[in-house]
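Letter by letter, the chains look like this.
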Amino acid sequence: MFRLLVRHEPNGMAAGEIARQLEVPQNTMSAHLGILARAGLIHSERQSRSIIYRADLAGLRALTLFLVKDCCAGSAELCAPLVAELAPCC
């Protein structure tokens, strides 16, 4: 689901369309979307009768940076190029 939303950036997708493309029941989809939203990986916006979901790329960057900072069994220098690329520029 998250990969699907990333592919549809920046327009996002309606919840029903996500469920249809992934062939998942809408109540199951709602639970998964809620988990991703609480994790800061997606956000939603109501447009008329639809709720449009979008991947939060800043949230993905922050999560990835958090995960790689303590990587490589204590040899963080192995991930230094990735950390530098993910770190905010300012």
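Residues numbered from 1 in each chain as written. Predicted model: local features only at pLDDT ≥ 70, side-chain atom pairs only at ≥ 80, totals over all residues. Heavy atoms only, no water.

Peer 1: Would you mind going over the overall build of the protein with me for this structure?
Peer 2: A count of helices and strands for the protein gives five helices and three strands. Counted from the first residue to the last, the protein has its helices and strands arranged as α-β-α-α-β-β-α-α. Here the C-alpha coordinates of the protein stretch approximately 50 × 25 × 20 Å along the principal axes. The buried share of the protein, reckoned over its 90 residues, is 26%. In the protein, of all internal contacts separated by at least 6 residues, the share reaching a separation of at least 24 is 38%. Computed over 9 positive and 8 negative side-chain charges, the inter-centroid distance for the protein is 8 Å. (Helix = DSSP H or I, 4+ residues; strand = E, 2+ residues; numbered from the N terminus. Buried < 20%, exposed > 50% of the residue type's maximum accessible area, 1.4 Å probe, protein only. Contact = heavy atoms within 4.5 Å. Lys, Arg positive; Asp, Glu negative; His and termini not counted. Charge placed at Lys NZ, Arg CZ, Asp CG, Glu CD.)

Peer 1: Looking at this model, I keep getting lost on the sheet that holds strand β3 (residues 50–55). Mind explaining?
Peer 2: In sheet architecture, strand pairing relies on hydrogen bonds along the backbone and comes in two forms, parallel and antiparallel. The strand order across the open sheet built from three strands is β1-β3-β2, with neighbouring strands paired in antiparallel fashion. Two strands in the sheet have a free side with no partner beyond their single neighbour: β1 (13–14) and β2 (42–47). Here β1 pairs with β3 via two bridges, running antiparallel. When the bridges of β3 are listed, M13 appears paired with Y53. (Pairing = 2+ DSSP bridges.)

Peer 1: How should the pattern of salt bridges be read in this particular structure?
Peer 2: Where charged atoms from two side chains of opposite charge approach closely, those side chains can pair. What the rule picks out here adds up to two salt bridges. We note a salt bridge from E17 to R20, for which the minimum N-O separation is 2.6 Å. Linking E17 with R20, this pair stays in helix α2 (residues 15–22), spanning three residues, or about one helical turn. Where R54 meets E45, a salt bridge forms, and the shortest distance between an N and an O atom there is 3.3 Å. Exposure remark for E45: the relative accessible area of 37% places this residue in the partly exposed category. (Salt bridge = Lys/Arg side-chain N within 4 Å of Asp/Glu carboxyl O.)

Peer 1: Even after reading the chapter, I still don't get the packing of α2 against helix α3 (residues 26–38), so can you show me in this structure?
Peer 2: A packed helix pair is summarised by two numbers, namely the angle formed by the two axes and the spacing between the axes. In the contact formed by α2 and α3, the axes pass within 10 Å of each other and the chain directions differ by 110°. The orientation of α2 relative to α3 falls into the category roughly perpendicular. Where α2 crosses over α3, the handedness of that crossing is right-handed. Contacts between α2 and α3 involve A15, G16, I18, A19 and L22 on the former and, on the latter, Q26, M29 and L33. Looking at the contact of α2 with α3, its residues break down into six nonpolar, two polar and no charged. (Axes fitted to C-alpha atoms, helices over the stretch in contact; angles between N-to-C directions. Parallel < 35°, antiparallel > 145°, perpendicular 65-115°, else oblique. Left-handed = near helix turned anticlockwise from the far one by under 90°. Nonpolar A, V, L, I, M, F, W, Y, C, P; charged D, E, K, R; others polar.)

Peer 1: Which parts of the structure should I look at to understand the pairing of β3?
Peer 2: Moving residue by residue along a regular strand, the side chains alternate between the two faces of the sheet. Bridging between β2 and β3 involves six bridges; their strand directions are antiparallel. Among the inter-strand pairings, H43 is bridged to a residue of β3, identified as R54. Between β2 and β3, which pair antiparallel one after the other, the connecting turn spans two residues, and S48 there sits at a positive phi close to 60°.

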